[in-house]
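Overview (structure and organization)
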Amino acid sequence: MGFRLILSFVNNYKDFGGRSQYVEWARNAGVNNVNGEDDFYTNPTVKKYYKNHIKKVITRMNTITRIAYKDDPTIMAWELMNEPRCQVDYSGRMVNGWVQEMASFVKSLDKKHLLEIGMEGFYGDFMPKKKVNNPAGYNQVGTDFITNNLIKEIDFTTIHAYPDIWLSGQNDSAQMAFMKRWMHSHSIDSNKILKKPLVLAEFGKSNKDSGHSLGERDQYLRKVYKSMNKFERTGRGIGGSLVWLLMAEEMDSYGDGYGIILSQHASTRGVISGQSHKMTTLSRILLRGKHGIKVGFLKP
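Here's what I pulled together on the structure shown here. (Residues numbered from 1 in each chain as written. Predicted model: local features only at pLDDT ≥ 70, side-chain atom pairs only at ≥ 80, totals over all residues. Heavy atoms only, no water.)

Glancing now at the environment of Tyr69. The topology assignment puts Tyr69 in the loop between α2 (44–58) and β2 (75–79). Sequence separation of Tyr69 and Lys56 is 13 residues, and the distance between their C-alpha atoms is 9.7 Å. Filtering out sequence-adjacent residues up to four positions away, Tyr69 remains in contact with Val57, Ile58, Arg60, Asn62, Ile75, Trp78 and His113. (Helix = DSSP H or I, 4+ residues; strand = E, 2+ residues; numbered from the N terminus. Contact = heavy atoms within 4.5 Å.)

In structure tokens:
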């Protein structure tokens, strides 16, 4: 199969420019009514800047293969923004309007590739009772996992998971319990409400955590994978997972504590590789079951 990429159009944060850069460009150009970062979602000029960027990326011609990005099978999906958030409208409606507009624009340029938002998975006002699944202090980030992903142009849902940050004052057992609930609630909602595949698009364990060790990180990855695989055996689970952050050698300046250099961390490489093989095998089994071939451990 080789590598398949999910390319993000912009970051919520200032790393690599982020959405604040678009707002700054508009402000420097003398555009009226540009006051803060959240104008990224509503200001016509700022949105035009962003659309210009999207079009430039999607229609770009690879100078080596001579294949336009919109036709390149190496790209699995586009991502509208890494971890969108909004402070001026906690309901999620402002972000929802932006997602609808930008998702429609992307699909007008490229109908071949999948599209996702880049969400962390926080629940919002659409189903308030589901906010109980959010970590404490994350009920007002301006997104809504349900309504944002109901948009028809969005092809699959995503969650990110950082219990070592979100529940930093709690022990490893409590953090792992949260992780299981986080995966379970979103897998159920993606299947039953949204009817779209779910990807655990970011998770990891920081080496800045108290008492961190390589063995502890490996064990955490194993536990996450084990829980994920239990969901997946039903055929209604999590479609895949992406560890944050795989790095090459001499990329220390990009590290945030979550970096994994596979050439230096053989045990972690083995854990990730083992999961990749398991997912490949499981996908084949599920595909066989879908086509009417009896599969021993799967319930009909």
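The subject of this paragraph is the packing of aromatic side chains. In total, this model carries 21 aromatic pairs according to the counting rule given. Geometrically, the ring pair formed by Tyr22 and Trp25 is edge-to-face, given 5.3 Å between the ring centres and 75° between the ring planes. Residue Tyr22 and its partner Trp25 are located together in helix α1 (residues 18–28), separated by 3 residues, close to a single helical turn. The buried category is assigned to Tyr22, whose relative accessible area is 8%. For Trp25, a relative accessible area of 46% corresponds to the partly exposed category. A ring pair is formed by Phe178 and Trp182, whose centres lie 5.4 Å apart and whose planes are at 25°; its orientation type is stacked. Taken as a pair, Phe178 and Trp182 lie in helix α6 (residues 172–194) at a separation of 4 residues, close to a single helical turn. (Phe/Tyr/Trp six-rings, centres within 6.5 Å; stacked < 30°, edge-to-face > 60°. Buried < 20%, exposed > 50% of the residue type's maximum accessible area, 1.4 Å probe, protein only.)

On to the sheet that holds strand β6 (residues 240–243). Spatially, 3 strands are ordered β4-β5-β6 in an open sheet, and the strand pairing comes out parallel. At either margin of the open sheet sits one strand with a lone partner, and together these are β4 (157–161) and β6. Recorded for the sheet is a direction-independent mean angle of 20° between the axes of neighbouring strands. Relative to strand β5 (residues 198–203), helix α7 (residues 214–232) is tilted by about 170°, and along the sheet it contacts β5 and β6. (Pairing = 2+ DSSP bridges. Axes fitted to C-alpha atoms, helices over the stretch in contact; angles between N-to-C directions.)

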